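# A look at the structure
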Amino acid sequence: MPEQPISGHRPVSAGALLAHRAFLFFLLSRSLSRFSSQIAAVAIGWQIYDLTGSAFDLGMVGLVQFLPTALLVFVAGHAADRYERKRVVQLCQLVEAATALYLATITYLGAVSEVQIFIATFLLGIAGAFESPTTAALLPLIAPQGSLQRATAVSSGAAQVATITGPALGGIAYAIAPHLAYAVMVLFWVLGMILTGFIRPRPQAIAREGMDSDNIFAGVRFIRSNPAILGTISLDLFAVLFGGVTALLPIYARDILQTGPVGLGVLRAAPAVGALLMTMVLARHAISRHVGLRMFQAVIVFGLATIAFALSSWMWLSVLSLAVLGAADTISVVIRFSLVQLSTPDEMRGRVGAVNFLFINASNQLGQFESGLTAALFGVMPAAVLGGVCTVAVALLWMKLFPTLRKVETLE
């Protein structure tokens, strides 16, 4: 990875970026999809638990939705490189809208069953497995030249707004009428599909290869041959794997901070609030120098904030630590995404993004498992402290293992 800028174009301001029609349509479409996904998490989870009363079945919802990602990630990445990306996104949104319409109909008719919900969840997982890497690969073709870092920050901020407010919107709609929550999802995905159709991206470099294993797994080979990208993606994998303290928040809320369900809601919102505030800063002030080093520093701060939260017995300090954690993670995410996208040829972005998407999902799922396992073995507070220490250690080790990544000076 060279120490020179990847792009020499003059950066675009946040105001000019939002005035760019293609990016604005992209931002609105992606936000509507994220809102629908957050509403789905609340509605499906509540409905499954209401039908079965089983915590195991509730946990199975996440597994059923993750399985398509693990099974189809490489095919999805190849599709993002082989076909027009905005059409792939539209098709995914159409499938998601149709699935939500099915859930709304059977719920309204009182004919819903656990099996039907799991089937619908699996279909949503399939669509998401294709939509996420394709959307990521589409952004560099939409953002004005020299503005990918700022565009990523604005897009991440919109996603955080959906993460914070989406569950509340889903809960209110479900409380009014269960089928209403699914109806809102239908509306949002249909609107998102229409807005995606208005996007006019720059010409895409279409991969013309066939669907053989050599081409489907080309993204893996590309990542392995590029130390900076390999270091970036693997850093995210292990940092999230060890730093998954959010899985322990219910225990902290009840047994350590003694705040109850309301406090748990505040704790869960704190990282998203910190992330949203940081995206507002990055949207106005892009990181212009020492970006590789800044990424490592952000991961170290993430680990230190995890340790501070683990040791805290005061609510204010716990909330502050989680907000700092979310802000540090946002810096790392923006740099990682921009670096990977700008370092990858356009005809490979779908396949490389699919591998990255798989790593992110796997690290989140395995991180929750790791946190629960270490908490069972060593206790909640020691497990959380250990996770933070390991995150810092990984960042320091990766700085030694991937010096080219540490020396990246600028992105754009």
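Read on for an overview of the structure.

What counts as what
- Residues numbered from 1 in each chain as written.
- Predicted model: local features only at pLDDT ≥ 70, side-chain atom pairs only at ≥ 80, totals over all residues.
- Heavy atoms only, no water.
- 1 Å grid on protein atoms, 1.4 Å probe; cavity = no way out; pocket = protein on both sides within 12 Å on 5 of 7 lines; lining within 4 Å.
- Points joined across faces, edges and corners; volume = space filled by probe spheres on them.
- Helix = DSSP H or I, 4+ residues; strand = E, 2+ residues; numbered from the N terminus.
- Nonpolar A, V, L, I, M, F, W, Y, C, P; charged D, E, K, R; others polar.
- Expected span 1.5 Å × (residues − 1).
- Buried < 20%, exposed > 50% of the residue type's maximum accessible area, 1.4 Å probe, protein only.
- Axes fitted to C-alpha atoms, helices over the stretch in contact; angles between N-to-C directions.
- Parallel < 35°, antiparallel > 145°, perpendicular 65-115°, else oblique.
- Left-handed = near helix turned anticlockwise from the far one by under 90°.
- Contact = heavy atoms within 4.5 Å.
- Salt bridge = Lys/Arg side-chain N within 4 Å of Asp/Glu carboxyl O.
- Polar contact = N/O pair within 3.5 Å; in protein donor to acceptor, adjacent residues only side chain to side chain.
- Phe/Tyr/Trp six-rings, centres within 6.5 Å; stacked < 30°, edge-to-face > 60°.
- Lys NZ or Arg CZ within 6 Å of the ring centre and 35° of its normal.
- Core = buried A, V, L, I, M, F, W, Y, C linked by side-chain atoms within 4.5 Å.

All told, the structure shown has two cavities of 30 Å³ or more when counted by the stated rule. In terms of lining residues, the largest cavity is bounded by Asp236, Ala239, Val240, Val299, Phe302, Ala328, Asp329, Ser332 and Arg336. Every element with two or more residues in the lining of the largest cavity is listed here: α10 (227–242), α13 (291–311) and α14 (315–343). Looking at side-chain class alone, the lining of the largest cavity contains five nonpolar, one polar and three charged residues.

Even without a glycine there, the phi angle at glutamine 258 is positive, about 50°. With respect to the helices and strands, glutamine 258 occurs in the loop between α11 (249–256) and α12 (260–284).

Next up on the list: helix α16 (residues 380–401). One turn of the α-helix equals 3.6 residues, which is why residues spaced by three or four share an orientation. Counted at 1.5 Å a residue, the expected span for α16 with its 22 residues is 32 Å, and the 31 Å between its end C-alpha atoms agrees. Those residues of α16 not exposed but buried are Val380, Ala383, Ala384, Gly387, Gly388, Thr391, Val392, Val394, Ala395, Trp398 and Met399.

Time to look at the packing of α10 against α16. At a minimum axis separation of 8 Å, α10 and α16 run at an interaxial angle of 165°. Put simply, α10 runs roughly antiparallel to α16. The two elements α10 and α16 cross, and the hand of that crossing is right-handed. Between α10 and α16, the residues in contact are Gly231, Ser234, Leu235, Phe238, Ala239 and Phe242 and Gly387, Gly388, Cys390, Thr391, Val394, Ala395 and Trp398, respectively.

It is worth spelling out the pattern of salt bridges at this point. With the rule as written, the count across this model stands at two salt bridges. Aspartate 81 is the salt-bridge partner of arginine 85, the closest N and O atoms lying 3.0 Å from each other. One exposure class covers both arginine 85 and aspartate 81, and it is buried. With a shortest N-O distance of 3.8 Å, arginine 87 and glutamate 84 are connected by a salt bridge. A relative accessible area of 40% places glutamate 84 in the partly exposed class.

Here we come to the side chain of serine 234. As for its placement among the helices and strands, serine 234 is situated in helix α10. By relative accessible area, serine 234 is classed as buried at 8%. A polar atom in the side chain of serine 234 sits 2.6 Å from the backbone oxygen of leucine 230. Of note is the side chain of serine 234, whose polar atom sits 2.8 Å from the side chain of tryptophan 398. If near-sequence neighbours (up to four positions away) are discounted, serine 234 is found in contact with Trp398 and Phe402.

Further remarks concern the side chain of threonine 196. Residue placement: threonine 196 occurs in helix α7 (residues 178–198). By relative accessible area, which is 2% here, threonine 196 ends up buried. Each residue touching threonine 196, except ones within four places of it in the same chain, is listed here: Ser29, Lys86, Val89, Gln90 and Gln93.

Before going further, it helps to examine the packing of aromatic side chains. Overall, the coordinates contain four aromatic pairs when judged by the stated rule. Taken together, a centroid distance of 5.4 Å and an interplanar angle of 45° make the contact between phenylalanine 25 and phenylalanine 198 tilted. Residue phenylalanine 25 is found in helix α2 (residues 21–52), and its partner phenylalanine 198 is found in helix α7; the two are separated by 173 residues along the sequence. Over the ring of tyrosine 83 we find arginine 82, and its NZ or CZ is 5.6 Å from the ring centre.

Counting residues in each nonpolar core, the largest one holds 48 residues, and the members touching the most others are Phe23, Ile44 and Leu139. Looking at this core, the elements that each hand over two or more residues are α2, α3 (55–82), α4 (85–108), α5 (114–138), α6 (148–176) and α7. Here this core takes twelve residues from α2, the largest share from any one element. Here leucine 139 is in contact with Phe23, Phe26, Leu148, Ala151, Thr152 and Phe337, once residues within four sequence places are set aside. Residues Ile287, Ile331, Val394 and Ala395 belong to the second largest nonpolar core, which totals 26 residues.

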